[in-house]
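In case you want the letters, here they are:
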Amino acid sequence: MALDSLRGDREFRKVRSHGVAVRDPLFTLRLTEYRPRYGEQWRPRAIIGIVVSKKTLKRAVDRNRARRRVREALRTLPGGLPPCRAILLPNPAVLSVDFLALQSALIRALERAPGRVKKGSGGNSGGRAPVPVAVTAAAPTPETP
């Protein structure tokens, strides 16, 4: 599965201003719910921008390698990605950590994301979480002989 990438400053600004940050020793992940681009049909999917600054990793070789490692880890996640828009900011530790450890860290971060981004939430209206309904169990009735 190919990942869609955030395009343009406007999409990045929306995720930065409305997103919820999930921090990990390997990266920072900022998430918002999925919304289609202007004029686009509703196709819930993950749209992710991977940002590695020169301040984080000085050499272009390292920045590109970090981007490739994170992109491949996201692409091959077991169970796939929830529909969302996200910005992922990897730390230098991404270059030296085991690939499976990177994938498990991504899974943990997606699970820790607040209720706005959940797997399979593509169908509810406006990305809002469904309102929980109180369930009451019926009291057992005594049987009469």
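Novice: Explain the overall build of the protein to me, and be specific about the residues and the numbers.
Specialist: Scanning the protein from terminus to terminus reveals three helices and four strands. N-terminal to C-terminal, the α/β element order of the protein is α-β-β-β-α-β-α. For the protein, the residues scored as buried account for 37% of the 145 residues in total. A total accessible area of about 9,400 Å² is found for the protein, and carbon and sulfur atoms account for 56% of it.

Novice: Can you lay out the layout of surface pockets for me, pointing to particular residues and giving the numbers?
Specialist: Rolled over the atoms, a probe with the dimensions of a water molecule shows which regions are left empty. In this model, the largest pocket occupies a volume close to 380 Å³. As for the largest pocket, its lining consists of 13 residues, of which E11, K14, R35, P36 and R85 are closest to the centre.

Novice: Break down the sheet that holds strand β3 (residues 46-50) for me, citing the residues and quoting the values.
Specialist: Strand order across the open sheet formed by four strands is β1-β2-β4-β3, with mixed pairing between neighbours. Of all the strands in the sheet, just β1 (20-23) and β3 have a single pairing partner and so form its edges. Strand after strand, the sheet turns through a mean of 20° between neighbouring axes, direction not considered. Helix α1 (residues 8-18) contacts β1, β2 (27-33), β3 and β4 (84-90) of the sheet and is inclined by roughly 85° relative to β4.

Novice: An account of the side chain of D24 is needed here, citing residue identities and associated values.
Specialist: Within the secondary structure, D24 sits in the loop between β1 and β2. When near neighbours in sequence (up to four residues on either side) are disregarded, D24 contacts N91, A105, R108 and R112.

Novice: Talk me through helix α3 (residues 99-112); I want residue IDs and the actual numbers.
Specialist: For α3, which comprises 14 residues, the first-to-last C-alpha distance of 20 Å matches the rise-based estimate of 20 Å (1.5 Å per residue) to within 8%. L102, Q103, A105, L106, A109 and L110 are the residues of α3 that are buried. Down the axis, α3 shows its buried residues gathered within 160° of arc, on one side only. Facing away from the buried side of α3, by more than 90 degrees, are the exposed residues L100 and E111. Buried positions along α3 lie against β1, β2, α2 (60-75) and β4.

Novice: Got a sec to walk through the packing of aromatic side chains? Specific residues and values, please.
Specialist: Throughout the structure, instances matching the rule amount to one aromatic pair. Relative to W42, the ring of Y34 lies with its centre 5.1 Å away and its plane at 75°, an arrangement referred to as edge-to-face. Of the residues examined, W42 reaches a relative accessible area of 46% and is grouped as partly exposed.

Novice: Outline the environment of V22, listing residues and values.
Specialist: Here V22 is to be found in strand β1. The class for V22 is buried, based on a relative accessible area of 6%. Between the alpha carbons of V22 and E111 there is a distance of 9.8 Å; along the sequence they are 89 residues apart.

Criteria and thresholds
- Residues numbered from 1 in each chain as written.
- Predicted model: local features only at pLDDT ≥ 70, side-chain atom pairs only at ≥ 80, totals over all residues.
- Heavy atoms only, no water.
- Helix = DSSP H or I, 4+ residues; strand = E, 2+ residues; numbered from the N terminus.
- Buried < 20%, exposed > 50% of the residue type's maximum accessible area, 1.4 Å probe, protein only.
- Areas by Shrake-Rupley, 256 points an atom, 1.4 Å probe, with all protein chains shown as cover.
- 1 Å grid on protein atoms, 1.4 Å probe; cavity = no way out; pocket = protein on both sides within 12 Å on 5 of 7 lines; lining within 4 Å.
- Points joined across faces, edges and corners; volume = space filled by probe spheres on them.
- Pairing = 2+ DSSP bridges.
- Axes fitted to C-alpha atoms, helices over the stretch in contact; angles between N-to-C directions.
- Contact = heavy atoms within 4.5 Å.
- Expected span 1.5 Å × (residues − 1).
- Arc of directions from axis to C-beta.
- Phe/Tyr/Trp six-rings, centres within 6.5 Å; stacked < 30°, edge-to-face > 60°.

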